[in-house]
Structure formats: structure tokens, C-alpha cells
Amino acid sequence: MKKIKTVLQKNLSDLVSGKVLLIAVIIFGMVLFMFSGISACASDQSEWRQLFNGKDLTGWKHAGPGFMSVEDGLLRGNGGMGLLYWEGEKFSNCVIKVVWKMRDENSNSGIFIRMPVEPREEWMPVHYGYEVQIDNKPELSDEDDYHYTGTLYSLTKPLAKPGKPGPQWNTTEITLDGLRTIVYVNGVKVTDYTEGDPVPDRKFDFEPYRGPRPESGYIGVQNHGENDVVYFKEIAVKPLVKTS
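Residues numbered from 1 in each chain as written. Predicted model: local features only at pLDDT ≥ 70, side-chain atom pairs only at ≥ 80, totals over all residues. Heavy atoms only, no water.

Caption draft 1: Quick look at the overall build of the protein chain. Helix and strand counts for the protein chain come out as two helices and 13 strands. Classification of the 244 residues of the protein chain by burial places 42% in the buried group. Relative to all contacts within the protein chain whose residues are 6 or more apart in sequence, the contacts with residues 24 or more apart total 68%. When the accessible area of the protein chain is evaluated, it comes to approximately 13,000 Å², of which 58% is carbon and sulfur surface. (Helix = DSSP H or I, 4+ residues; strand = E, 2+ residues; numbered from the N terminus. Buried < 20%, exposed > 50% of the residue type's maximum accessible area, 1.4 Å probe, protein only. Contact = heavy atoms within 4.5 Å. Areas by Shrake-Rupley, 256 points an atom, 1.4 Å probe, with all protein chains shown as cover.)

This is the structure:
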């Protein structure tokens, strides 16, 4: 009887030990999975998602006169005024990077953000979204500094003028942080605007209507006209990572 009792105790001890080991393995696996997931998310947030593939217009749709084409891996505006926008997705709380150059010493174009709905014609993005301007010499069109590269077209005055003439490459980075919009051109801050900040009155009928824009919206790039040729090499986005 004593021998049987000893065997039962040993079997029970082995069973308990096995369960403890199994539970420990499961917990370790769960912790490992959680940390690997955190690492993956952090990696995803630091990586740019390319919207323009350098080959064709997959994912993009055009509105308004003119068109966009792909030449030698670059997006090129033809005629206008129109725009090419990323279809089927709105963007907010992110950073948008656009790498572009002018064909001539100076040209006119723009990067549209915060468009509330998909545009069906060329003026809707102007009046109901924001246009981050591309134009280093607005005075050639009898316009002032509120129409310079990196400003919210006719709404903000540039904090600096770092735009490079064609055919040099420029990089515009636009941060959408809630209702705040920050624009850097070639690493220099040009615009820092939050909804409700004061803006000047409209001077021309082609300037945008004043009023609030949404936190989330569609994005696009403009083909301004036959004589305003701008090439786009990269259009990318990544989530906004805030540091505490």
C-alpha cells in the first residue's frame, strides 16, 4: 500500500510539474509575441509607404483639364489646370513626403491636402482643401509671399524661402497633426498653421474660400498648365509618431 501511495504521489508530482512547464511555455510565448508585435508596429511607423510606384498611375485618379503621365520613372504634369489624387483613402495624423523639381527655372504647381471628398473638378480642392504651393517666384504672376513654395496657398506667409530653382530637386514634407499643418521644404520650416489662426482676406477670385478644413482628407498633386511643368519623383506617407 505504501509503495502504491509513493507511485501515485510521484505521478501526481510529475503531472503538476508538466502543467507548470506548459503554462510557463505559453506565458513566455505570449510575452514574446507581444514584444515582437510592438517592435513590428514601431518599424511600420518609421517606414515610408510609397504611393507612386515609378511605373504607372495605379491607385491614382485624375480630375479636371490636362493629365498626368509617367516619363522615365517620374510623374509629369501635362496641360491643366487639373490634379491627380490618391483614390479611395483619406489621410490624417501622418507625414507626407513629396520629392519634386521644376523643368524650367520656375514653374507653378501644388500639393493638395485635407480634401473632404474625392474631387470631380479642379476647383473643389482649391476651395475646400489646402494647396501647399510650389512656386518660387510668385511675383511673376503679380502675387505676393503668401503664394510662395511651402505656404498654404494665399493663407500663410512663409517663415523662410528655401525652394530651389529647376532643375534641382526639392523635398516637401507636410505634417498633418490633428488640425495643425506643418510644412518643411528642403529641411527648413516654411509653414506652421493651426485651424483658427488668422488669415488674410482674399485678393483674387482664384484664391481659396476661407474657412475650416477637415482633420482627414484626400491628397493629390497639381498639373497647373502647359508652361508649368513639374516632375514628381516620390510621393510617400508614414504615420505621425509623437514623442512625449
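Caption draft 2: A look at unusual backbone geometry. With omega at 15 degrees, the peptide bond leading from glycine 80 into methionine 81 counts as cis. You can see methionine 81 is positioned in the loop between β4 (74-78) and β5 (82-86). Despite not being glycine, aspartate 142 has its phi angle at roughly 60 degrees, a positive value. Of note, aspartate 142 is situated in the loop between β8 (130-134) and β9 (169-177). You can call aspartate 142 exposed: its relative accessible area is 67%. The backbone of serine 154 shows a phi angle near 70 degrees, a positive value even though the residue is not glycine. Take serine 154: it is sitting in the loop between β8 and β9.

Caption draft 3: View of the pattern of salt bridges. In this structure the tally under the stated criterion is 11 salt bridges. Linking arginine 180 and aspartate 192 is a salt bridge whose minimum nitrogen-to-oxygen distance equals 2.6 Å. One end of the pair, arginine 180, is in strand β10 (residues 180-185); the other, aspartate 192, is in strand β11 (residues 188-194), with 12 residues separating them in the sequence. A relative accessible area of 31% means that arginine 180 is categorised as partly exposed. Relative accessible area serves as the criterion here: at 29%, aspartate 192 is assigned to the partly exposed category. Within the structure, one salt-bridge network assembled from shared partners comprises Arg180, Lys189 and Asp192. (Salt bridge = Lys/Arg side-chain N within 4 Å of Asp/Glu carboxyl O.)

Caption draft 4: Representation of the environment of tyrosine 218. Tracing the sequence through the fold places tyrosine 218 in strand β12 (residues 218-223). With relative accessibility at 11%, the residue tyrosine 218 sits in the buried group. Along the backbone, tyrosine 218 and serine 92 are 126 residues apart, and their C-alpha atoms lie at a distance of 9.0 Å. Those residues within four positions of tyrosine 218 in sequence are excluded, and the remaining contacts are Trp86, Gly88, Glu89, Lys90, Phe112, Ile113, Arg114, Met115, Pro116, Val117 and Glu118.

Caption draft 5: Quick look at the environment of glycine 225. Position of glycine 225 relative to the elements: it lies in the loop between β12 and β13 (230-239). In this structure the C-alpha to C-alpha distance between glycine 225 and serine 109, which are 116 residues apart in sequence, comes to 8.5 Å. Beyond its immediate stretch of four places on either side in the chain, glycine 225 contacts Gly79 and Gly80.

Caption draft 6: Spotlight on the pairing of β10. Pairing of β9 with β10 involves six bridges; the strand directions are antiparallel. Among the inter-strand pairings, glutamate 173 is bridged to a residue of β10, identified as tyrosine 184. Counting the residues that bridge the hairpin from β9 to β10 gives two residues, and of these glycine 178 lies at a positive phi of roughly 60 degrees. Judged from the six bridges that link them, β10 and β11 form a sheet pairing that is antiparallel. Bridge pairing links tyrosine 184 to lysine 189 in β11. The hairpin turn running from β10 into β11, its antiparallel successor, is two residues long, and asparagine 186 in that turn takes a positive phi close to 55 degrees. (Pairing = 2+ DSSP bridges.)

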